[in-house]
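# Examining the three-dimensional arrangement
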Amino acid sequence: MPKFPTREWAEAFCQALNESPEYRSAAAKWEGDIIFLATNLPQELGLGERSAMKLLLKHGHCHGVEFYQGADVDKADAPYILEADYKTWLDVISGKQQPIPAMVLGKIKIKKGSFSILAQYVTAALAMIKAAQKVGT
């Protein structure tokens, strides 16, 4: 099982999204790549302080991933960039924390993109979490 947030995890997550009929349906009108930026990573992961995974998303499908770590994280760009610390992402993936309330509380920061547009895709976000749970952490 790949460890979150490694390149292998991102690739497995993309595959899980593509295998999810719930995600495909809920995100059928979504167009836009998303970067999930994780900060305060544990040293034992060997990724540095931060990593970012960019999911290439369009109409309910993940068309690939890009992975950034260390200084390269600053080069990552997408229409939507969501940033949270490692523990928060683990809480979201495990279902202990829901993504929209985490954004409202500032636990997940929207570094780029529109909260109002993201909020329209709550069902897709929940389907993404279910897919992430299949990958594990």
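The rules behind these values
Residues numbered from 1 in each chain as written. Predicted model: local features only at pLDDT ≥ 70, side-chain atom pairs only at ≥ 80, totals over all residues. Heavy atoms only, no water. Helix = DSSP H or I, 4+ residues; strand = E, 2+ residues; numbered from the N terminus. Buried < 20%, exposed > 50% of the residue type's maximum accessible area, 1.4 Å probe, protein only. Contact = heavy atoms within 4.5 Å. Polar contact = N/O pair within 3.5 Å; in protein donor to acceptor, adjacent residues only side chain to side chain. Salt bridge = Lys/Arg side-chain N within 4 Å of Asp/Glu carboxyl O. Pairing = 2+ DSSP bridges. Axes fitted to C-alpha atoms, helices over the stretch in contact; angles between N-to-C directions. 1 Å grid on protein atoms, 1.4 Å probe; cavity = no way out; pocket = protein on both sides within 12 Å on 5 of 7 lines; lining within 4 Å. Points joined across faces, edges and corners; volume = space filled by probe spheres on them.

By the secondary structure assignment, E8 is in helix α1 (residues 7-18). The sequence separation of E8 and V65 amounts to 57 residues, and the corresponding C-alpha distance is 9.9 Å.

Here helix α3 (residues 86-94) has its buried residues at Y86, T88, W89, D91, V92 and I93. In this structure, the buried residues of α3 make contact with α1, β1 (34-39), β4 (80-85) and α6 (122-135). N-capping of α3 is provided by D85, with a side-chain oxygen placed 3.2 Å from the backbone N of K87. Just past α3, the residue G95 takes up positive phi, approximately 90°.

As a further point, take the pattern of salt bridges. Inspection of every chain in the model, using the stated rule, returns six salt bridges. Where K54 meets E66, a salt bridge forms, and the shortest distance between an N and an O atom there is 3.9 Å. Of this pair, K54 sits in strand β2 (residues 51-58) while E66 sits in strand β3 (residues 61-69), and the two are 12 residues apart along the sequence. Look at K54 and you get buried, because its relative accessible area is 12%. Its relative accessible area of 28% is what places E66 among the partly exposed residues. Close ionic contact of D72 with K75 constitutes a salt bridge, the shortest N to O distance being 3.2 Å.

What follows covers the sheet that holds strand β5 (residues 109-112). Pairing is mixed across the open sheet formed by five strands, whose spatial order is β3-β2-β1-β4-β5. Strands at the two margins of the open sheet, each flanked by one partner only, are β3 and β5. In this sheet, neighbouring strand axes are inclined to one another by 25° on average, regardless of whether the strands run parallel or antiparallel. Lying on the sheet, α1 is in contact with β1, β2 and β3; it crosses β3 at an angle near 165°.

This paragraph deals with empty space enclosed by the protein. Evaluated as defined, the whole model comprises two cavities of 30 Å³ or more. Every residue lining the largest cavity is counted, 25 residues in all, and those nearest its centre are F36, L82, P99, A125 and M128. When residues of the lining of the largest cavity are traced back to their parent elements, those giving at least two are α1, β1, β2, α3, α4 (99-104) and α6. Broken down by element, the lining of the largest cavity gets its largest block of residues, five residues, from α6.

Function cannot be inferred from these measures alone, as they are strictly geometric.
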